[in-house]
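Working through the structure, step by step
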Amino acid sequence: MSRSTFLLDGQSVPFDDGQMILEAARAAGRYIPHLCWHPDFPPHGSCKLCVVKVAGRHVSACATPARAGAEVESDTPEINTERRTLLQMLFVEGNHFCPACEKSGDCQLQAMAYDLEMTTPRFRHFFPDRPVDASHPEVLLDFNRCIYCELCVRASREQDGKAVFALTGRGINKKLAVNAESGRLADTDFAADDKAARICPVGVILKKRVGFAVPIGERTYDRAPLHEVALPKPEGDT
């Protein structure tokens, strides 16, 4: 039995019933930018960087079901300009100083900026005053870099069974918080081998004593661009 298909930038993409556009595209080896989507969790479309155009409407590819015969636009000047604007907002809302960041070269936000050819911040920097939590013996938290993707919140709650993190506040007052009366990571049961410790796409959750250990040229996105790294590897490919 043949599978239904839709068109992604003019190319046919097969999909299974119930699959979202982003999932089907990835399975077919087609990249759609994203930051908050992760294969281990249901989509919730918070970052909006997977925006695509379907029937004249801009929708989140991670949360929009694929539909037979649909024409989906993704890699176009219009959509990439929108994504670039969203990226610029993320960069100015936090404190992202890439050359001095331990996650540089391994950061999805930075890599996406390169992929989408973002060259300027465009907007005025907020320079928020956010804390750094070094209380834990193995892990450092730098809240300045948080993009509120919620991946650490979901991983800690749904896979680690600990609920160490939470998002509090709304709008400009939103922040990542540690679920402890003291607000300190050391006063939780968080461990360096938790799923939540390894899922952050930026430089918020960092293992101590390993910063800058990998030379420039050998980091994840030095070796290959994000649009290649982010796709699942073919079976048998190491």
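Values in this document were obtained by computation on a predicted structure and should not be read as measured data.

Structural notes on the side chain of serine 60
Of note, serine 60 is situated in strand S4 (residues 57-60). Taking the relative accessible area as the measure of exposure, serine 60 reaches 14% and is therefore buried. Leaving out residues up to four positions away in the same chain, serine 60 has contacts with Gly45, Lys48 and Cys50.

Structural notes on the domain arrangement of the chain
Segmentation of the chain into domains returns domain 1 (4-75) and domain 2 (97-226). Domain 1 puts 12 residues into the contact, and the matching count from domain 2 is 17 residues. Summed over both partners, the interface of domain 1 with domain 2 buries about 1200 Å², with 64% contributed by carbon and sulfur atoms. When the area that domain 1 buries against domain 2 is broken down by residue, the three leading residues are Tyr31, Leu35 and Phe41, summing to 51%. Inspection of the domain 1/domain 2 interface yields 1 salt bridge. The salt bridge involving aspartate 40 is made with lysine 195; its shortest N-O contact spans 2.9 Å.

Brief notes about the pairing of strand S7 (residues 139-142)
Successive residues of a regular strand alternate their side chains across the two faces of the sheet. Burial along S7 is two-sided: Val139 and Leu141 facing one way and Leu140 and Asp142 facing the other are all buried. Bridging between strand S6 (residues 132-133) and S7 involves 2 bridges; their strand directions are antiparallel. In the sheet register, aspartate 133 faces S7, and the bridge partner there is leucine 141. Linking two consecutive strands that pair antiparallel, namely S6 and S7, is a turn of 5 residues. Across 3 bridges, S7 lies against strand S10 (residues 205-207) in antiparallel orientation. Its bridge partner being in S10, leucine 140 is matched across the sheet by leucine 206.

Some details on the sheet that holds S6
Spatially, the 3 strands line up as an open sheet ordered S6-S7-S10, and their pairing is antiparallel. In this open sheet, the two edge strands, each paired with only one partner strand, are S6 and S10.

Brief notes about the UniProt feature "domain: 4Fe-4S His(Cys)3-ligated-type" (unreviewed entry) in the chain
The residues that UniProt annotates with the feature "domain: 4Fe-4S His(Cys)3-ligated-type" (unreviewed entry) are residues 78-117. Annotated as 60% helix and 0% strand, the span residues 78-117 places its first and last C-alpha atoms 14 Å apart.

Description of the state of the cysteines
Joining two cysteines, a disulfide is a covalent bond between their sulfur atoms. With the rule as written, the count across this model stands at 0 disulfides. No disulfide involves cysteine 62; its nearest neighbouring cysteine sulfur is the one of cysteine 50, lying 3.8 Å away. Classification of cysteine 62 by relative accessible area gives buried; the value is 1%.

So, helix H4 (residues 151-158)
Most of H4 is tucked away, with 6 of its 8 residues classed as buried. Here H4 has its buried residues at Leu151, Cys152, Val153, Arg154, Ala155 and Ser156. Next to the buried residues of H4 lie strand S8 (165-168), strand S9 (175-178) and S10.

Criteria and cut-off values
Residues numbered from 1 in each chain as written. Predicted model: local features only at pLDDT ≥ 70, side-chain atom pairs only at ≥ 80, totals over all residues. Heavy atoms only, no water. Helix = DSSP H or I, 4+ residues; strand = E, 2+ residues; numbered from the N terminus. Buried < 20%, exposed > 50% of the residue type's maximum accessible area, 1.4 Å probe, protein only. Contact = heavy atoms within 4.5 Å. Domains from an automatic or database assignment. Buried area = accessible area lost by both parts, 1.4 Å probe. Salt bridge = Lys/Arg side-chain N within 4 Å of Asp/Glu carboxyl O. Pairing = 2+ DSSP bridges. UniProt positions renumbered as here; feature names shortened; annotations may be inferred. Disulfide = S-S within 2.5 Å.

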